[in-house]
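Overview (structure and organization)
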Amino acid sequence: MSEFSKGTITLSNPLKIMDHTYKKLKYNSEKITGEMWDEAVSHQTKEYLEIDSAVHRYFGYEAVIAEQPDIDIRDLERNIHGEDLYKFTVVGRNFTEEWLLAYSQENTDVDSENT
């Protein structure tokens, strides 16, 4: 697990859900499940995952939900705005970049073994 997989997002605009106000949200991208992955990717707007800010934001949402399952994605979609959108996007971008880097290194190792 990398240093970017787990952490806390400090919200500029507190999130209000029912009777609870969140000023900070914990996240853990290592807990993203296949179903959560599919939900995030369903919002993909670009051909290449690594440059798609919409899908990055949804991976950020899913990383929070993975750590705090009492929060629903619709709550995040409706209530996260401004600078906080960027914070979720960074979490998701870090997740996809780590995954793509690990995948490319794994394939490089396999290719070098085959030559």
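The next point concerns helix α2 (residues 53-67). The end-to-end C-alpha distance of α2 is 21 Å, a good match for the 21 Å that 15 residues give at a rise of 1.5 Å each. Of all 15 residues making up α2, 12 are buried, and the element is well covered by its neighbours. Taken as a whole, α2 has its buried residues at A54, V55, H56, Y58, F59, G60, Y61, E62, A63, V64, I65 and A66.

Turning next to the packing of aromatic side chains. As enumerated under the stated definition, the model contains 5 aromatic pairs in all. Through a chain of ring-to-ring contacts, three or more aromatic side chains come together here, namely W37, F59 and F95.

Let us look at the pattern of salt bridges. Should their charged atoms come close, side chains of opposite charge can pair. Evaluation of the coordinates by the stated rule reveals 6 salt bridges. A salt bridge links K31 to E67; the shortest N-O distance between them is 3.1 Å. Taken as a pair, K31 in the loop between β2 (20-28) and α1 (34-41) and E67 in helix α2 lie far apart in primary sequence, 36 residues in all. Take K31: its relative accessible area is 41%, and that puts it in the partly exposed class. A residue is classified by how much of its surface remains accessible, and E67, at 25% relative accessible area, is partly exposed. One salt bridge connects D75 with R78, and the closest N-O pair in it is separated by 2.9 Å. Of the two residues, D75 and R78 both sit in helix α3 (residues 73-79), 3 residues apart, roughly one turn of that helix. Relative accessible area serves as the criterion here: at 59%, R78 is assigned to the exposed category. Members of the salt-bridge network, linked through shared partners, are E83, D84 and K87.

Now for the pairing of strand β1 (residues 6-17). As paired strands, β1 and β2 are joined by 8 bridges and run antiparallel to one another. Residue pairing across strands places T8 opposite K26, the latter belonging to β2. Remark: 2 residues form the turn of the hairpin made by β1 and β2, two consecutive strands paired antiparallel; M18 in that turn has positive phi of roughly 55°.

Reading the values: the criteria
- Residues numbered from 1 in each chain as written.
- Predicted model: local features only at pLDDT ≥ 70, side-chain atom pairs only at ≥ 80, totals over all residues.
- Heavy atoms only, no water.
- Helix = DSSP H or I, 4+ residues; strand = E, 2+ residues; numbered from the N terminus.
- Expected span 1.5 Å × (residues − 1).
- Buried < 20%, exposed > 50% of the residue type's maximum accessible area, 1.4 Å probe, protein only.
- Phe/Tyr/Trp six-rings, centres within 6.5 Å; stacked < 30°, edge-to-face > 60°.
- Salt bridge = Lys/Arg side-chain N within 4 Å of Asp/Glu carboxyl O.
- Pairing = 2+ DSSP bridges.

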